[in-house]
Amino acid sequence: MREKFARFMAGRYGMDSLGRFTIVLAFIFIILESFTRNRLAALFVWVFLILTYFRIFSRNVYKRSAENQQFLNRTYKIRRWFYTQKNTFAQRKTHHIYKCPSCRQKIRIPRGKGRIEIRCPKCNTTFIKKS
């Protein structure tokens, strides 16, 4: 059965970032429709699901890839902001992140070093903080 599915999907585009985004949108509209009983939300669910499966089973790989690249280009700043927030949150346990008082440059200092003098790499301003 697995080989049969692999042969069926050979030459087809498959799932990508835009496909995952449309699946998430469909799921959001499913939840919205279940609470509001809105027919328009149900219509959007079907539109997003049909669009997703159309893209998954499409044999026009070049066009689907161009659509995905355009989606990635348009959502770059939003995705970058979420990545930065996730990275900053992950570093909270091991580092303090301070801002330089003069130029507002972010400076990452390891925790547990006591009161230290910090020199900004951008403007060479020194200031004292507890790490």
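Relevant structure appears above.
Residues numbered from 1 in each chain as written. Predicted model: local features only at pLDDT ≥ 70, side-chain atom pairs only at ≥ 80, totals over all residues. Heavy atoms only, no water.

**Topic: the environment of Phe71**
- Position of Phe71 among the secondary structure elements: in helix α4 (residues 61-74).
- Residue Phe71 is classed as buried on the basis of its relative accessible area, which comes to 17%.
- A C-alpha to C-alpha distance of 9.7 Å links Phe71 and Phe21, two positions 50 residues apart in sequence.
- Excluding residues that lie within four positions of it along the chain, Phe71 makes contacts with Ser17, Leu18 and Phe21. (Helix = DSSP H or I, 4+ residues; strand = E, 2+ residues; numbered from the N terminus. Buried < 20%, exposed > 50% of the residue type's maximum accessible area, 1.4 Å probe, protein only. Contact = heavy atoms within 4.5 Å.)

**A word on the state of the cysteines**
- Overall, the coordinates contain 0 disulfides when judged by the stated rule.
- Among the cysteines around Cys103, which has no disulfide bond, Cys120 carries the closest sulfur, lying 3.6 Å off.
- A relative accessible area of 25% places Cys103 in the partly exposed class.
- Free of any disulfide, Cys123 has its nearest neighbouring cysteine sulfur in Cys100, separated by 3.6 Å. (Disulfide = S-S within 2.5 Å.)

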